[in-house]
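# Report on the structure
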Amino acid sequence: MADVPEEETPKETAEAKPKRQVKRSPEGSNRNSLRSLHLLEQSYLSLIMKKPSDKITVADITREAGLNRGTFYAHFSSVSELEAYVLQELVDRFMSIGTSWFDISFVQDPEPLLKKVGAFVEEHRELIQTICQNSATNPFTVALEQNLKRRIRDEIVHAYADDKEALTLVLISTDYVMHGILSVYDSWLFGSYTDQTLDEVNEMLERLIKGTGVMIQQRAQMDTQDADAS
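The sections below set out a description of the structure shown in this document. (Residues numbered from 1 in each chain as written. Predicted model: local features only at pLDDT ≥ 70, side-chain atom pairs only at ≥ 80, totals over all residues. Heavy atoms only, no water.)

### Quick look at the overall build of the protein
To be explicit about the condition: Numbering of helices and strands runs from the N terminus, with a helix taken as a DSSP run of H or I at least four residues long and a strand as a DSSP run of E at least two residues long. Relative accessibility thresholds used throughout: buried, under 20% of the residue-type maximum; exposed, over 50%; partly exposed, between the two (1.4 Å probe, protein chains only). Contacts between residues were defined by any pair of non-hydrogen atoms, one from each residue, lying within 4.5 Å. Calculation of accessible area relied on Shrake-Rupley with a 1.4 Å probe; when residues are assessed, cover is drawn exclusively from the protein chains displayed.
Within the protein one finds eleven helices and zero strands. Going from N to C terminus, the protein has its helices and strands arranged as α-α-α-α-α-α-α-α-α-α-α. Relative to its 230 residues, the protein shows a buried fraction of 44%. In the protein, once contacts between residues fewer than 6 apart in sequence are set aside, the share between residues at least 24 apart is 67%. As displayed, the protein has an accessible area near 13000 Å², and 51% of this comes from carbon and sulfur atoms.

As C-alpha coordinates, this is what we get:
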(Lines give C-alpha, C1' and ligand atoms only; values in the text may rest on other atoms or scores of the structure.)
Protein backbone atom coordinates (compact mmCIF):
# COMPACT_ATOMS: atom_id res chain seq x y z
CA MET A 1 0.00 0.00 0.00
CA ALA A 2 1.37 3.41 -0.89
CA ASP A 3 2.59 5.61 1.92
CA VAL A 4 0.51 8.55 3.01
CA PRO A 5 2.41 11.82 2.36
CA GLU A 6 4.61 12.95 5.23
CA GLU A 7 2.74 16.23 5.62
CA GLU A 8 -0.33 14.43 7.01
CA THR A 9 -1.77 16.05 10.12
CA PRO A 10 -2.61 13.98 13.20
CA LYS A 11 -5.55 11.61 12.64
CA GLU A 12 -6.29 13.25 9.26
CA THR A 13 -6.36 9.88 7.54
CA ALA A 14 -8.99 8.55 9.98
CA GLU A 15 -11.67 10.46 8.07
CA ALA A 16 -10.47 9.52 4.63
CA LYS A 17 -10.16 5.77 5.05
CA PRO A 18 -13.01 3.35 5.72
CA LYS A 19 -13.09 1.45 8.99
CA ARG A 20 -11.84 -2.09 8.81
CA GLN A 21 -11.02 -4.95 11.10
CA VAL A 22 -7.47 -5.18 12.40
CA LYS A 23 -5.47 -7.71 10.41
CA ARG A 24 -4.29 -10.17 12.99
CA SER A 25 -2.64 -13.44 12.08
CA PRO A 26 -3.72 -16.57 13.93
CA GLU A 27 -1.61 -17.20 17.01
CA GLY A 28 1.70 -18.75 16.01
CA SER A 29 1.14 -18.51 12.26
CA ASN A 30 3.07 -15.29 11.73
CA ARG A 31 5.38 -14.29 14.54
CA ASN A 32 6.64 -11.18 12.74
CA SER A 33 3.11 -9.89 12.27
CA LEU A 34 2.25 -10.45 15.93
CA ARG A 35 5.49 -8.80 16.99
CA SER A 36 4.76 -5.76 14.82
CA LEU A 37 1.25 -5.49 16.23
CA HIS A 38 2.64 -5.59 19.77
CA LEU A 39 5.26 -2.93 18.96
CA LEU A 40 2.63 -0.62 17.47
CA GLU A 41 0.43 -1.02 20.54
CA GLN A 42 3.31 -0.36 22.94
CA SER A 43 4.44 2.65 20.90
CA TYR A 44 0.99 4.19 21.08
CA LEU A 45 0.83 3.58 24.84
CA SER A 46 4.23 5.23 25.24
CA LEU A 47 3.30 8.24 23.10
CA ILE A 48 -0.06 8.87 24.76
CA MET A 49 1.79 9.39 28.04
CA LYS A 50 3.75 12.21 26.41
CA LYS A 51 1.27 14.07 24.20
CA PRO A 52 -2.47 14.40 23.45
CA SER A 53 -3.86 11.59 21.32
CA ASP A 54 -5.03 13.98 18.60
CA LYS A 55 -1.43 15.10 18.12
CA ILE A 56 -0.07 11.60 17.53
CA THR A 57 0.71 10.77 13.90
CA VAL A 58 1.51 7.57 12.04
CA ALA A 59 5.06 8.85 11.67
CA ASP A 60 5.33 9.28 15.45
CA ILE A 61 4.15 5.72 16.05
CA THR A 62 6.36 4.04 13.46
CA ARG A 63 9.39 6.04 14.62
CA GLU A 64 8.77 5.01 18.22
CA ALA A 65 8.25 1.37 17.18
CA GLY A 66 11.20 1.23 14.76
CA LEU A 67 8.86 0.09 11.97
CA ASN A 68 7.97 1.48 8.55
CA ARG A 69 4.67 3.01 7.53
CA GLY A 70 3.78 0.05 5.34
CA THR A 71 3.84 -2.19 8.41
CA PHE A 72 1.50 0.19 10.22
CA TYR A 73 -1.01 0.16 7.36
CA ALA A 74 -0.82 -3.63 7.15
CA HIS A 75 -2.58 -3.62 10.55
CA PHE A 76 -4.47 -0.33 10.86
CA SER A 77 -6.01 2.22 8.51
CA SER A 78 -5.47 5.17 10.87
CA VAL A 79 -4.22 6.27 14.27
CA SER A 80 -7.83 6.33 15.44
CA GLU A 81 -8.17 2.65 14.57
CA LEU A 82 -5.02 1.80 16.54
CA GLU A 83 -6.39 3.81 19.45
CA ALA A 84 -9.66 1.84 19.36
CA TYR A 85 -7.68 -1.42 19.22
CA VAL A 86 -5.57 -0.46 22.26
CA LEU A 87 -8.71 0.45 24.20
CA GLN A 88 -10.39 -2.83 23.28
CA GLU A 89 -7.31 -4.80 24.33
CA LEU A 90 -7.45 -3.10 27.73
CA VAL A 91 -11.15 -3.88 28.03
CA ASP A 92 -10.53 -7.52 27.02
CA ARG A 93 -7.91 -7.87 29.74
CA PHE A 94 -10.39 -6.50 32.26
CA MET A 95 -13.08 -8.90 31.03
CA SER A 96 -10.77 -11.87 31.59
CA ILE A 97 -10.57 -11.09 35.33
CA GLY A 98 -13.57 -13.24 36.22
CA THR A 99 -16.52 -15.15 34.88
CA SER A 100 -18.92 -14.68 37.79
CA TRP A 101 -20.18 -11.18 36.99
CA PHE A 102 -23.76 -12.37 36.58
CA ASP A 103 -23.70 -15.27 39.03
CA ILE A 104 -25.56 -15.04 42.32
CA SER A 105 -22.30 -15.98 44.05
CA PHE A 106 -20.90 -12.54 43.19
CA VAL A 107 -23.56 -10.61 45.10
CA GLN A 108 -23.28 -13.06 47.99
CA ASP A 109 -19.49 -12.77 48.23
CA PRO A 110 -18.11 -10.00 45.98
CA GLU A 111 -14.74 -9.69 47.75
CA PRO A 112 -12.67 -12.08 45.55
CA LEU A 113 -13.72 -10.45 42.29
CA LEU A 114 -13.53 -6.90 43.66
CA LYS A 115 -9.94 -7.58 44.77
CA LYS A 116 -9.05 -8.65 41.23
CA VAL A 117 -10.79 -5.62 39.77
CA GLY A 118 -9.04 -3.34 42.24
CA ALA A 119 -5.64 -4.81 41.38
CA PHE A 120 -6.33 -4.28 37.66
CA VAL A 121 -7.40 -0.65 38.19
CA GLU A 122 -4.35 0.04 40.35
CA GLU A 123 -2.00 -1.56 37.79
CA HIS A 124 -3.43 0.39 34.83
CA ARG A 125 -4.43 3.55 36.69
CA GLU A 126 -2.10 5.96 34.86
CA LEU A 127 -2.99 4.54 31.45
CA ILE A 128 -6.75 4.65 32.07
CA GLN A 129 -6.51 8.21 33.37
CA THR A 130 -4.45 9.29 30.37
CA ILE A 131 -6.84 7.70 27.86
CA CYS A 132 -9.82 9.33 29.55
CA GLN A 133 -8.18 12.73 29.84
CA ASN A 134 -7.63 12.67 26.07
CA SER A 135 -11.38 12.49 25.44
CA ALA A 136 -14.49 14.48 26.27
CA THR A 137 -16.01 11.25 27.62
CA ASN A 138 -14.51 8.33 29.53
CA PRO A 139 -13.95 5.89 26.65
CA PHE A 140 -12.61 3.11 28.86
CA THR A 141 -15.64 3.06 31.16
CA VAL A 142 -18.06 3.39 28.22
CA ALA A 143 -16.42 0.57 26.25
CA LEU A 144 -16.13 -1.59 29.36
CA GLU A 145 -19.79 -1.16 30.28
CA GLN A 146 -20.89 -1.95 26.72
CA ASN A 147 -18.79 -5.13 26.66
CA LEU A 148 -19.91 -6.22 30.11
CA LYS A 149 -23.57 -5.66 29.28
CA ARG A 150 -23.32 -7.65 26.07
CA ARG A 151 -21.50 -10.56 27.66
CA ILE A 152 -23.46 -10.62 30.91
CA ARG A 153 -26.88 -10.29 29.28
CA ASP A 154 -26.15 -13.22 26.96
CA GLU A 155 -25.09 -15.37 29.91
CA ILE A 156 -28.04 -14.33 32.07
CA VAL A 157 -30.60 -14.96 29.33
CA HIS A 158 -29.12 -18.43 28.80
CA ALA A 159 -28.94 -19.25 32.52
CA TYR A 160 -32.49 -18.10 33.31
CA ALA A 161 -34.19 -19.11 30.07
CA ASP A 162 -36.81 -21.17 31.96
CA ASP A 163 -37.57 -18.58 34.64
CA LYS A 164 -38.78 -15.32 33.10
CA GLU A 165 -39.61 -13.61 36.41
CA ALA A 166 -36.18 -14.34 37.85
CA LEU A 167 -34.60 -13.30 34.55
CA THR A 168 -36.04 -9.78 34.76
CA LEU A 169 -34.99 -9.35 38.39
CA VAL A 170 -31.46 -10.57 37.75
CA LEU A 171 -31.08 -8.36 34.65
CA ILE A 172 -32.18 -5.25 36.56
CA SER A 173 -30.03 -6.10 39.57
CA THR A 174 -26.99 -6.77 37.38
CA ASP A 175 -27.36 -3.49 35.50
CA TYR A 176 -27.70 -1.68 38.83
CA VAL A 177 -24.65 -3.31 40.40
CA MET A 178 -22.46 -3.17 37.29
CA HIS A 179 -23.13 0.49 36.52
CA GLY A 180 -22.64 1.37 40.17
CA ILE A 181 -19.25 -0.38 40.38
CA LEU A 182 -17.95 1.28 37.21
CA SER A 183 -19.20 4.71 38.30
CA VAL A 184 -17.48 4.34 41.68
CA TYR A 185 -14.17 3.32 40.12
CA ASP A 186 -14.44 6.18 37.62
CA SER A 187 -14.99 8.65 40.47
CA TRP A 188 -12.08 7.21 42.46
CA LEU A 189 -9.73 7.37 39.46
CA PHE A 190 -10.42 11.07 39.02
CA GLY A 191 -10.16 12.11 42.65
CA SER A 192 -13.73 12.28 43.93
CA TYR A 193 -12.82 10.16 46.97
CA THR A 194 -9.55 11.84 47.87
CA ASP A 195 -9.34 10.42 51.39
CA GLN A 196 -10.17 6.82 50.47
CA THR A 197 -7.83 4.08 49.30
CA LEU A 198 -9.13 1.67 46.68
CA ASP A 199 -9.26 -1.08 49.31
CA GLU A 200 -11.53 1.12 51.44
CA VAL A 201 -13.72 1.87 48.43
CA ASN A 202 -13.96 -1.86 47.69
CA GLU A 203 -15.02 -2.55 51.29
CA MET A 204 -17.91 -0.10 50.91
CA LEU A 205 -18.85 -1.59 47.55
CA GLU A 206 -18.82 -5.05 49.07
CA ARG A 207 -21.39 -4.07 51.69
CA LEU A 208 -23.67 -2.47 49.09
CA ILE A 209 -23.41 -5.43 46.71
CA LYS A 210 -24.18 -7.90 49.51
CA GLY A 211 -27.27 -5.82 50.30
CA THR A 212 -28.38 -6.25 46.70
CA GLY A 213 -27.79 -10.00 47.04
CA VAL A 214 -30.03 -10.14 50.11
CA MET A 215 -32.76 -8.30 48.19
CA ILE A 216 -32.53 -10.79 45.31
CA GLN A 217 -32.77 -13.75 47.68
CA GLN A 218 -35.75 -12.26 49.52
CA ARG A 219 -37.55 -11.63 46.26
CA ALA A 220 -36.84 -15.17 45.09
CA GLN A 221 -38.26 -16.56 48.36
CA MET A 222 -41.39 -14.44 48.00
CA ASP A 223 -41.89 -15.65 44.43
CA THR A 224 -41.51 -19.25 45.60
CA GLN A 225 -44.04 -18.73 48.39
CA ASP A 226 -46.51 -17.11 45.98
CA ALA A 227 -46.11 -20.01 43.57
CA ASP A 228 -46.67 -22.56 46.34
CA ALA A 229 -49.75 -20.69 47.56
CA SER A 230 -51.30 -20.69 44.13
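Picking up where we left off.
### Digging into the packing of helix α5 (residues 79-95) against helix α9 (residues 139-159)
Defined as follows: The axes used here are C-alpha line fits, helices contributing only the stretch in contact, and every angle between their N-to-C directions lies in the interval 0 to 180 degrees. Just so you know how the angles are binned, under 35 degrees is roughly parallel, over 145 roughly antiparallel, 65 to 115 roughly perpendicular, and the rest oblique. Each crossing gets its handedness from the near helix: less than a right angle anticlockwise from the far helix is left-handed, clockwise is right-handed. In this classification, Asp, Glu, Lys and Arg are treated as charged, Ala, Val, Leu, Ile, Met, Phe, Trp, Tyr, Cys and Pro as nonpolar, and every other residue, Gly included, as polar.
Closest axis-to-axis distance for the α5/α9 pair is 10 Å, and the angle between their directions is 50°. Taken together, the axes of α5 and α9 are oblique relative to one another. Relative to α9, the crossing made by α5 is right-handed. Only Pro139, Phe140, Ala143, Leu144, Asn147, Leu148 and Arg151 of α9 make contact with α5, whose side of the interface consists of Leu87, Gln88, Leu90, Val91, Phe94 and Met95. Split by residue class, the contact of α5 with α9 holds ten nonpolar, two polar and one charged.

### Observations concerning the environment of Val79
Following the sequence through the fold, Val79 ends up in helix α5. Along the backbone, Val79 and Ile56 are 23 residues apart, and their C-alpha atoms lie at a distance of 7.5 Å.

### A closer look at the environment of Asp60
Selection rule: Distance and chemistry together define a polar contact, namely a pair of N or O atoms within 3.5 Å, with one atom able to donate a hydrogen and the other to accept it when in protein, and with adjacent residues in sequence counting only for side-chain atoms on both sides.
If you trace the backbone, Asp60 turns up in helix α3 (residues 58-65). As a C-alpha pair, Asp60 and Tyr44 span 16 residues in sequence and 8.7 Å in three-dimensional space. Setting aside chain neighbours within four positions, we find Asp60 in contact with Leu47, Lys51 and Lys55. Separated by 3.0 Å, the side chains of Asp60 and Lys51 make a polar contact. From its side chain, Asp60 meets the backbone nitrogen of Thr57 in a polar contact 3.0 Å long.

### Some points on the nonpolar core
Applicable threshold: By convention a nonpolar core is built from buried Ala, Val, Leu, Ile, Met, Phe, Trp, Tyr and Cys residues, the set being connected through side-chain atoms within 4.5 Å.
Counting residues in hydrophobic clusters, the biggest one holds 58 residues, and the most contacted among them are Ile61 and Phe140. Counting residues per element, this core draws most heavily on helix α10 (residues 164-189), which supplies twelve residues. Those residues in contact with Ile61 that sit more than four places away from it in its chain are Leu40, Ser43, Tyr44, Leu47, Ile56, Phe72, Val79 and Leu82.

### Examining the packing of aromatic side chains
When we look at a pair of aromatic rings, we describe it by the centre distance and by the angle of the planes. Applied cut-off: Stacked, edge-to-face and tilted are the three classes for Phe, Tyr and Trp ring pairs, Trp counted by its six-membered ring, which pair at centre distances within 6.5 Å; planes under 30 degrees apart are stacked, over 60 edge-to-face, the rest tilted. Only when the NZ atom of a Lys or the CZ atom of an Arg is both within 6 Å of the ring centre and within 35 degrees of the ring normal do we say a charge sits over the ring.
On inspection of all chains with the given rule, the structure shows four aromatic pairs. Relative to Phe76, the ring of Phe72 lies with its centre 5.9 Å away and its plane at 45°, an arrangement referred to as tilted. You can call Phe76 buried: its relative accessible area is 0%. Centre to centre, the rings of Phe76 and Tyr85 are 5.4 Å apart; their planes meet at 55°, and the pair counts as tilted. In textbook terms, an aromatic cluster arises when at least three aromatic residues are bridged by ring pairs, as seen for Phe72, Tyr73, Phe76 and Tyr85. Directly above the ring of Trp188 sits Arg125, whose terminal nitrogen or CZ lies 4.1 Å from the centroid.

### Focus: the pattern of salt bridges
This is how the line gets drawn: Here, a salt bridge means any Lys or Arg side-chain nitrogen found within 4 Å of an Asp or Glu carboxyl oxygen.
Counted according to the given criterion, the structure contains six salt bridges. Here Asp60 makes a salt bridge to Arg63, at a shortest N to O gap of 3.3 Å. With Asp60 and Arg63 both in helix α3 and three residues apart, this pair spans about one turn of that helix. Salt-bridge contacts for Glu111 lead to Lys115; the nearest nitrogen and oxygen are separated by 3.2 Å. With Glu111 and Lys115 both in helix α7 (residues 111-123), this residue pair falls four residues apart, about one helical turn. Owing to a relative accessible area of 33%, Glu111 belongs among the partly exposed residues under this scheme.

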